[in-house]
Every structure is written in C-alpha cells, then in structure tokens.
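# Structural characterization, general
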Amino acid sequence: MQNHLTLSPEVRAALAENQPIVALESTIIAHGMPFPKNVETALRVEQTVRRAGAVPATCAILDGRIRAGLSPDEIERIGRAGAAIPKASRRDLPYLLSQGLHGATTVASTMIAAQLAGIRLFATGGIGGVHRGATASMDISADLQELAQTPVAVVCAGAKSILDIGLTLEYLETFGVPVLGFQTDEFPAFYTRRSGFGVDYRMETPTEIARLLQVKWQLDARGGVVIGNPIPAEYEPDAGVMERAIAEALADADRQQIKGKAITPFLLARIERITGGQSLESNIELVCHNARLAAEIARAFQAEG
Ligand code: PSU
Ligand code: MN
C-alpha cells in the first residue's frame, strides 16, 4: 500500500521519542482568517503548543501529499494563498492527492492526517456540525462522521451558533462520541462560554481527560472525543452583538444562496466584517487557549500510556 503521508523532521523525531504532539488544521489558516493575521495566528498557536511542552504538527495537503508538520515558510505560503487553496475534507483527499494538488485540511481531514501519523490530540477553534435548517438542507459537516470513526481527540471552543448546537450534540450521541467539558458543565458556543446545552461529562484536569482517552481506545480503537474548552471570559465578545451578527450573516447566506463547503467560510468572514474584527480577536485567543489545553492533555496522555 502506498503511503501518502510526509512527516516533518521534527514530528518524525517526536513520534520516535514518544513526545507529546498536537495536530493543528489549515482550513482555519486558508479560509478561517484573513492574511496576515492567519499566518501570525498559526505561528503563535505553534509557539503556544511548544511552550506547553508539546510538538505542534500543522497539517495540510501540499503537492499531493498529506503533511503533518509544516515549516514557517510553508505556513506562510498557505496563509498568503488563502482561499486559492481549496478547503479539503475527507471526500476531497483522493482527488487532491491523485492530482498532486494542495488542500487546506478541515477538522475531518486533519483527524485523518493525525491518525495516519499516530497523533492522538488535535486543537482547533470550532468543529463543524449540523447546520441550522439541516432537516431540509441535510447540511451536516463531515467532521461529525470523522469523529464517529477516527481515534483522535479534538479540543475546541465548542460549535458556533451558526450551527444547530442541539442537533450537533444529538448526532454525536448517536454515533457514540463522548463530549467533554473542560471545567464546564455546558458545551461552549465558540464566541460564548455558554450554549444552554450540557456536555456529557465535566472534566477538571488534563490528566482526567488523558485517562478517559486511554480507556476509550483500550475498549475500541475507533472514534474520537470532543473536548469543549470555553473561551476565556476576558475575550468573550458581547453576546448580543454576536447573536445579531450571526443572524445577519445567516440571512445574507440565505439570500445569496451560499451552499455546501462555501457556507462556513462565508459565514465566518461575514461575522468578522459585521463585528468590525472583534470576532477575529476572540477567535485568535480561543485557538491559542485550546492549543495550550491540547498540549497539556497530550503530555498527560504520554505519561499515562
Ligand atoms: N468552524 C469554525 N471555524 C472554522 C471551521 C469551522 O468556527 O474555521 C472550519 C473547520 O476547518 C471545520 C470546517 O472543520 O470549517 C467545517 O466545514 P464544513 O461545515 O464545510 O464541514
Ligand atoms: Mn456542509
């Protein structure tokens, strides 16, 4: 079988030495934030992982190869190219790899890259989910099916209320994906610490989470775990402003008939425009916050294993 994965020298060495590693996605770089903040953020997230004692593995598709671990130059190239690099979820991989193309990895495809590499922890901003109105549109992110089948734990700030958070949690329950809250009883809603929906289990420490992950994969090698880490209160934007921005963005998407893979990036960019960049600052801070927690869990996971 041909191996489609290329590891950076640093990630390869970290794997050989059983060091803690945190996978990071690239759709957030190419489609989630504007240049140059996207590149600054990606580099700052890597630095955050390092400071917390783990090795970052930013993932992407470059020249038809799945890559785990990128150089700062490669990260900058992805950030500059932005939306010119296609957003790549599970279904896009065979095409991009067979054609020798580039792709920005989503939560789903970053989980695939992490699993191929042997990386168990992954930090991002928000996961994809069941979209509002999905009973008619059937728009459910492939991230959720990936969580159902691929053994990687995803630290996120929850799911944005551009999604139907209740249905997203129902879907995860159906597919047996544990949803944990780090020092919270509620699943966070990305920009806000609360969503009104509970998590399955509240966890107080990275070690507790690491032990749960060990047991999960001892029982069954299949499937991921969602770890909801609320945005720090000092970076939480005004909830009313965000709700109005989200409602306006959703109405615009509806009017312009935005569909499929374009909808999430469209909504993120609209919200950022409407809030005058306030949402972007919050987004950056919560990603760094998640990267730190993922590194701490990765360290505890290595210690427990
Ligand atoms: N949600 C966010 N920011 C993001 C994404 C989701 O708050 O950048 C990105 C992630 O890469 C996620 C993807 O995996 O969008 C989900 O897209 P879709 O709904 O098309 O599966
Ligand atoms: Mn979709």
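The following refers to the structure shown. (Residues numbered from 1 in each chain as written. Chains lettered and ligands numbered in written order. Predicted model: local features only at pLDDT ≥ 70, side-chain atom pairs only at ≥ 80, totals over all residues. Heavy atoms only, no water.)

## Observations regarding the side chain of Ser-26
Just so we agree on the cut-off: Secondary structure counts use DSSP, requiring at least four H or I residues in a row for a helix and at least two E residues in a row for a strand, with both numbered from the N terminus. Note on exposure labels: buried denotes an accessible area under 20% of the residue type's maximum, exposed denotes more than 50%, and partly exposed covers the range between, all computed with a 1.4 Å probe on protein chains only. The contact definition used throughout considers only heavy atoms, calling two residues in contact when any of these lie within 4.5 Å.
Inspection of the secondary structure puts Ser-26 in the loop between strand 2 (21–24) and helix 2 (27–30). Looking at Ser-26, the relative accessible area reads 0%, which means it is buried. Once residues within four sequence positions are removed from consideration, Ser-26 is found in contact with Cys-59, Ala-60, Ile-78, Gly-103, Ala-104 and Thr-105.

## Observations regarding the sheet that holds strand 3 (residues 55–62)
So the rule is basically this: Only when DSSP finds a minimum of two bridges between them are two strands counted as paired. What counts as an axis is a line fitted to C-alpha atoms, over the stretch in contact for a helix, and the angles between N-to-C directions run from 0 to 180 degrees.
One open sheet accounts for 9 strands, arranged 1-4-3-2-7-8-11-9-10; its pairing is mixed. Looking at strand neighbours, the two that pair on one side only are strand 1 (5–7) and strand 10 (201–203), the edges of this open sheet. For this sheet, the mean angle separating the axes of adjacent strands, direction not counted, is 30°. In terms of strand pairing, strand 1 meets strand 4 (residues 65–68) through 3 bridges, oriented parallel. From the neighbouring strand, Leu-7 faces strand 4, where its bridge partner is Ala-68. Where helix 3 (residues 37–51) meets the sheet, its contacts fall on strand 2 and strand 3, and the angle it forms with strand 3 comes to roughly 145°.

## Considerations on the site of ligand 1
Note the following rule: The near set for a molecule or strand comprises every residue that places at least one heavy atom within 4 Å of it. For this analysis, a polar contact is any N or O atom pair within 3.5 Å, provided that within protein one partner can donate a hydrogen and the other can accept it, and provided that sequence-adjacent residues contribute only side-chain to side-chain pairs. The distinction between a cavity and a pocket rests on a 1 Å grid over the protein atoms alone: a 1.4 Å probe fits inside a cavity but cannot get out, while a pocket stays open yet meets protein on both sides within 12 Å along at least five of seven lines, and a residue with an atom within 4 Å of a point counts as lining. Pocket or cavity membership: a molecule qualifies when more than half of its atoms sit within 2 Å of the grid points of that site. Throughout, the ten residues Ala, Val, Leu, Ile, Met, Phe, Trp, Tyr, Cys and Pro are labelled nonpolar, Asp, Glu, Lys and Arg are labelled charged, and all others, Gly among them, are labelled polar.
Every one of the 13 residues lining ligand 1 counts as a neighbour, but Glu-25, Lys-87, Ser-141, Asp-143 and Lys-160 are closest to it. Between ligand 1 and Val-107 there is a distance of 2.8 Å, counted from an oxygen atom to a backbone nitrogen or oxygen. Interatomic distance of 2.7 Å between a side-chain N/O atom of Ser-141 and an oxygen atom of ligand 1. In this structure, ligand 1 is accommodated by the largest pocket. In terms of residue class, the shell around ligand 1 is built from 3 nonpolar, 6 polar and 4 charged.

## Quick look at the packing of aromatic side chains
How we decide: A pair of Phe, Tyr and Trp rings is counted when the ring centres sit within 6.5 Å of each other, with Trp represented by its six-membered ring. The angle between the planes then sorts it: under 30 degrees is stacked, over 60 is edge-to-face, the rest tilted. Ring-over charges, as used throughout, are those where CZ of Arg or NZ of Lys falls within 6 Å of the ring centre and within 35 degrees of the ring normal.
Across all of its chains, the model carries 3 aromatic pairs by this definition. Here the aromatic rings of Trp-217 and Phe-301 are separated by 6.0 Å at their centres, their planes lie at 75°, and the arrangement is edge-to-face. Here the residue Trp-217 occupies a position in helix 10 (residues 206–219), and Phe-301 occupies one in helix 13 (residues 278–304), the gap between them amounting to 84 residues. The burial state of Trp-217 is the same as that of Phe-301; both residues are buried. The cationic tip of Arg-120 hangs over the ring face of Trp-217; the distance from NZ or CZ to the ring centre is 4.5 Å.

## Thoughts on the packing of helix 3 against helix 4 (residues 72–81)
Where we set the bar: By convention, the crossing between two helices is left-handed when the near helix turns anticlockwise from the far helix through less than a right angle, and right-handed when the turn is clockwise.
Here helix 3 crosses helix 4 at 145°, and the two axes come no closer than 8 Å. Relative to helix 4, the crossing made by helix 3 is right-handed. Across the interface between the two elements, Asn-38, Val-39, Ala-42, Leu-43 and Glu-46 of helix 3 pack against Pro-72, Ile-75, Glu-76, Gly-79 and Arg-80 of helix 4. Looking at the contact of helix 3 with helix 4 residue by residue, the classes come out as 5 nonpolar, 2 polar and 3 charged.

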